[in-house]
Amino acid sequence: MAGLYFEEFSVGQEFHHPLSRTVTEMDNTMFSLLTMNPQPLHLDAHFAAQTEWGERLFNSMYTLGILVGMTVYDTTLGTTVANLGMTDVRFPKPVFHGDTLKAHTKVVSLRDSKSRPEVGLVEFEHWATNQKDETVAVCRRTAMMRRKPAA
């Protein structure tokens, strides 16, 4: 698996993930409908045109999902036991149809599990940037990570 084990992370370590994703109108509409979110800022072009943004906004929950998803291959693919939570979720700039997102990760902290010696806890800070290198999403995520198997 491409993911790293607990012992392979270090505080301050950064990843600038190579995958990028251009978000589309279809992505936005389908995600909003699938999650039963009727917000006209996401779905109604006429409504959104009359707002300060002048166009529809990409659903921020989907932005968050894409952000975390783009980090998996380089960090946690096959080595995560569970996500334990997310905090400090922010969206400093809006995302629009046609924006291209890139993900970045910094390891904030590492700690041993008190109840499970075969795992450790890694706190990540993830952030997404658009094609203008503006930060559009930020979150902290704590993951329960497997330790390296005994040789």
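As shown above, the structure is provided for reference.
My aim in this report is to walk through the structure given alongside it, one point at a time. (Residues numbered from 1 in each chain as written. Predicted model: local features only at pLDDT ≥ 70, side-chain atom pairs only at ≥ 80, totals over all residues. Heavy atoms only, no water.)

**Quick notes on the side chain of threonine 105**
Our working rule: Numbered from the N terminus, helices here are DSSP runs of H or I no shorter than four residues, and strands are runs of E no shorter than two. Residue exposure (1.4 Å probe, protein chains only): buried if accessible area is under 20% of the type maximum, exposed if over 50%, otherwise partly exposed. Under this definition, polar contacts are N or O atom pairs within 3.5 Å; protein pairs additionally need one hydrogen-donor-capable and one acceptor-capable atom, and for neighbouring residues in sequence, both atoms have to be side-chain atoms.
Its location among the elements puts threonine 105 in strand β3 (residues 100-112). Its relative accessible area of 0% is what places threonine 105 among the buried residues. Separated by 2.7 Å, the side chains of threonine 105 and histidine 17 make a polar contact.

**A look at the sheet that holds strand β1 (residues 14-22)**
The test is simple: We treat two strands as partners when DSSP finds at least two bridges between them. For every element, the axis is a line fit to its C-alpha atoms; helices are fit only across the contacting stretch, and the angle between N-to-C directions ranges from 0 to 180 degrees.
Read across the open sheet, the five strands follow the order β1-β3-β4-β5-β2; overall the sheet is antiparallel. Because the sheet does not close on itself, it has two edges, and the strands there are β1 and β2 (80-90). Sheet twist, expressed as the average angle between the axes of neighbouring strands with direction ignored, equals 25°.

**Some points on the pattern of salt bridges**
As a reminder of what qualifies: By definition, a salt bridge exists where a carboxyl oxygen of Asp or Glu is found within 4 Å of a side-chain nitrogen of Lys or Arg.
Considering all chains together, one arrives at eight salt bridges under this definition. For glutamate 8, the salt bridge identified is with lysine 148, shortest N-O distance 3.9 Å. Linking glutamate 8 in the segment before β1 with lysine 148 in the segment after β5 (135-146), this pair joins segments that are 140 residues apart in sequence. Residue classification places glutamate 8 among the partly exposed positions, given a relative accessible area of 30%. For the salt bridge of arginine 56 with glutamate 25, the shortest nitrogen-to-oxygen distance reads 2.8 Å. Within this pair, whereas arginine 56 is found in the loop between α3 (45-49) and α4 (60-75), its partner glutamate 25 is found in helix α1 (residues 25-34), the two being separated by 31 residues in sequence.

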